[in-house]
Amino acid sequence: MTPSALKRSALVICCAVAAATGCGGESEPPMHSVSADASSYANVSAFVTTHLTLDLTANFEQETLAGTAELTVDRRDPAATELVLDTRDLTIQNAEAAMATGDWVPTSFTLDAATPAFGSALRIVMPPGADRVRVTYATSPAARGLQWLSPSQTAGREQPFLFTQAQAIQARSFIPLQDLPGVRITYDATIRTPKALVAVMAAEMTPGGEGTGVFTFKMPQPIPSYLIALAIGDLAFTPMGTRTGVWAEPSMVEAAAREFEDTEQMIAATEGLYGPYRWGRYDLLVLPPSFPFGGMENPRLTFATPTVIAGDKSLVSLVAHELAHSWSGNLVTNATWPDFWLNEGFTTYLERRIIEAVYGKARADMEAMIGVSDLEDSRSTIEIAQDKTLLPDMTGRDPDDAYSTVPYEQGALFLAFLEAKFGRDTFDAFLRLWFDTHAFRGATTDDFLTFLRTELMDQSPGVVTEAQVQEWLHTEGIPSFAVLPQSDAFVKVEQARDAFVTGGSAQTLAQASRAWSTHEWMHFVDALPRDLSLDHMRALDDQVGFTKSTNSEIAHVWFRLAIAANYAAADSEMEAYMIRIGRRKLILPLYRDLAATPAGKIRAATIFAKARDGYHPMAVTSVADIVR
Ligand code: BES
Ligand code: ZN
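Residues numbered from 1 in each chain as written. Chains lettered and ligands numbered in written order. Predicted model: local features only at pLDDT ≥ 70, side-chain atom pairs only at ≥ 80, totals over all residues. Heavy atoms only, no water.

One can describe the packing of helix α13 (residues 518–526) onto helix α15 (residues 552–564) by two numbers: an axis separation of 9 Å at closest approach and a directional angle of 5°. Classified by the angle between their axes, α13 and α15 sit roughly parallel to one another. Contacts between α13 and α15 involve T518, W521, M522, V525 and D526 from the first element and E553, I554, V557, W558 and L561 from the second. In terms of residue class, the contact of α13 with α15 is built from seven nonpolar, one polar and two charged. (Axes fitted to C-alpha atoms, helices over the stretch in contact; angles between N-to-C directions. Helix = DSSP H or I, 4+ residues; strand = E, 2+ residues; numbered from the N terminus. Parallel < 35°, antiparallel > 145°, perpendicular 65-115°, else oblique. Contact = heavy atoms within 4.5 Å. Nonpolar A, V, L, I, M, F, W, Y, C, P; charged D, E, K, R; others polar.)

Written as structure tokens, this is what we have:
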């Protein structure tokens, strides 16, 4: 069966006993419905994985992970004879099957031809009664979910580095498994590395591995496959509090711990709003700059780009964001990838609430306004109409192809609208109940709508209409009745901009901007006319030093302006930035802006040729799409 044939067929499969007692009675383990996802080949109506045991060896010369993945499955169709797993570019050596207590016996398997979007279905023959399989396999150096870095691509320049990125459907490129967010598994893992390196996973780490080349981990809470994560490198740890700390290359770890020192305060604030943090520790791992995302909410261990270490905590909303996923995403998970806005929209809303609690409303409002402008900008680059809405059609597509700011910012605006209509206290209680009642489960958009109707809309009829809710989900723009963020600070920035653009002196601007934060500078640059004169550009650069800014976000908005205004003095710094940094949000708009003119497109291709080897496979795909 093709993944699309399974599309959005929510398969509600409860055993007879559990069904009679309400699916999860006391004597039976809870057996929840599993939503099939169009991007997975897994036959979840027959088998649902409950546990994974990994034993993998990292080979940095060959750039492979090799070893075994053992899956424990819950049989949901007694007559089923075949287990279908997702894989991509894996070499499968061997498959074995076993009953709970029995011995392993070889079993046969076939690997389907790969499709570009989803990889290859691995079909394993399941003998009657078998409920475990063990697959011996190796990854390919081209695995989309792995980036192997040479020592020269690290800060220390002496040791190689490996990191995984499983979201959305890359786990299958390093583990054969049921790779869909509707299936939750616990896992344990043994990772074998060169002795000089340290392995970390987004899981409980057994202490004492350092120097031995063998590391063991355990994830006792059931998680979707996209949250499995591993990194190996010359890593050091610095604690920030009793349950928080930072992993990074030794030369980075102290600066990172200072930058992120408010993390415990953020956790406490979130717990106050939405209930206890349920994952034990919360640590951060700072990756080399080729990490293709700002952050990734791997449980217990957020993966983060070093580009947010600005020295002044101005970009730590990234931590608030990834931390917030511990509720919206990791605890209550989008049941299928088209429900992605349930992860990211909720998380962006929570992120702003955390920033407000820890740094105040003015900063949260500025960040929300920058979000709205990012939303409009991102939406204007989207070619498929439905991708401009909260519910993109992902049939036949890698979810990454539909990735944009829309689920983040349109989703956050939807929740901010509900907050404004029902009142903050009511809405906070509502969200907390949502997390509590759906903890460790998948949720669909329909689940959320049902919950919204029964818990809020029916309680206060007429406050929000069904038509408004539908417009939030399906419109290709911001609804006219949205409650948009406002910022007095930005009004002042715009006044300073107007004065400067209409001939005001650099001194006047210096006066006005003395107390500006990163966000005010970002808005200032973003709000400048795209055809600003070269004299103005030079004057600004001389005064503020934009071209050499060490703040990755300020440099980003400045380089975009420099491209539009043909300000060649920024060329070489911009090129160095695009080669050094692999974070897609920072580089893709620059490639896109360049590619808008024939000459710029040639330049973009030249830069890409130099940068390509240092980019993550996902970044390579995205940039190649633009410069092609
Ligand atoms: N979960 C995402 C990253 C992601 C999304 C990876 C989809 C792969 C597929 C993460 O939480 C995220 O949104 N990161 C943002 C950070 C931000 C909005 C502060 C990023 O990387 O830019
Ligand atoms: Zn996110």
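This part takes up the sheet that holds strand β18 (residues 236–239). One open sheet accounts for five strands, arranged β18-β19-β20-β22-β21; its pairing is mixed. The open sheet terminates on both sides in strands that have one partner only, identified here as β18 and β21 (295–296). In the sheet, strand β20 (residues 282–286) pairs with strand β22 (residues 301–304) via four bridges, with the strands oriented parallel. Looking across to β22, one finds that L284 is bridged to T302. Sheet strands touched by helix α2 (residues 250–259): β18, β19 (244–248) and β20. Its angle to β19, the strand with the most contacts, is close to 150°. This element, helix α4 (residues 317–324), spans β20, β21 and β22 of the sheet and lies at about 125° to β20. (Pairing = 2+ DSSP bridges.)

All right, on to the pairing of strand β3 (residues 47–59) then. Both β3 and strand β4 (residues 64–75) contribute to a ladder of 12 bridges, which runs antiparallel. Within β4, the position partnered with L56 by the bridge is G67. Here β3 hands over to β4 after four residues, with E63 in that stretch at a positive phi of 55°. Bridge count for β3 against strand β13 (residues 184–192) is seven bridges, and the pairing is parallel. Bridging from a neighbouring strand, T57 pairs with R192 of β13.

Looking now at the site of ligand 1. Among the 17 residues in the neighbourhood of ligand 1, the closest are listed as Q167, G294, E297, E322 and Y408. Residue G295 places a main-chain N or O atom 3.2 Å away from a nitrogen atom belonging to ligand 1. Between an oxygen atom of ligand 1 and a side-chain N or O atom of E322, the distance comes to 2.7 Å. In the complex, 91% of the free accessible area of ligand 1, which totals 520 Å², lies under the protein chains. Listing elements by their share of the shell around ligand 1, those giving two or more residues are β21, α4 and α5 (340–359). With three residues, the single largest contributor to the shell around ligand 1 is α4. For the shell around ligand 1, the per-class residue count stands at six nonpolar, six polar and five charged. (Near = heavy atom within 4 Å. Polar contact = N/O pair within 3.5 Å; in protein donor to acceptor, adjacent residues only side chain to side chain. Areas by Shrake-Rupley, 256 points an atom, 1.4 Å probe, with all protein chains shown as cover.)

Here the focus is the coordination of the zinc ion (ligand 2). At the metal site, the zinc ion (ligand 2) is ligated by H321 (NE2), H325 (NE2), E344 (OE) and E344 (OE), and these contacts range over 1.9 to 2.7 Å. For the zinc ion (ligand 2), the six donor atoms in the first shell make angles of 53 to 160° at the metal, a pattern classed as irregular. Counting along the primary sequence, the residues that act as donors to the zinc ion (ligand 2) give the motif H-x3-H-x18-E. Residue H325 is found in the loop between α4 and β23 (332–334), and its partner E344 is found in helix α5; the two are separated by 19 residues along the sequence. The pair H325 / E344 is uniform in exposure class, with both members buried. (Donors = N, O, S within 2.8 Å, 3.2 Å for Na, K, Ca; no water. Tetrahedral: all angles 85-135°; square planar, octahedral: opposite > 155°, others 65-115°. Buried < 20%, exposed > 50% of the residue type's maximum accessible area, 1.4 Å probe, protein only.)

The subject of this paragraph is the packing of aromatic side chains. The tally for this structure, following the rule as stated, stands at 40 aromatic pairs. On the numbers, 5.2 Å between centres and 85° between planes, the contact of F60 with W148 is edge-to-face. Taken together, the positions of F60 in the loop between β3 and β4 and W148 in strand β11 (residues 146–149) put the pair 88 residues apart, joining distant regions of the chain. Here F60 matches W148 in class, with each residue buried. Note on Y349 and F427: the rings are 5.7 Å apart at their centroids and 85° apart in plane angle, and the pair reads as edge-to-face. Here Y349, found in helix α5, pairs with F427, found in helix α8 (residues 424–437); they are 78 residues apart in sequence, far enough to count as distant. Exposure class is identical for Y349 and F427. Each is buried. By the ring-pair criterion, three or more aromatic residues cluster together here, those being W341, F346, Y349, F414, F417, F427, F430, W434, F448, F451, W472 and F481. (Phe/Tyr/Trp six-rings, centres within 6.5 Å; stacked < 30°, edge-to-face > 60°.)

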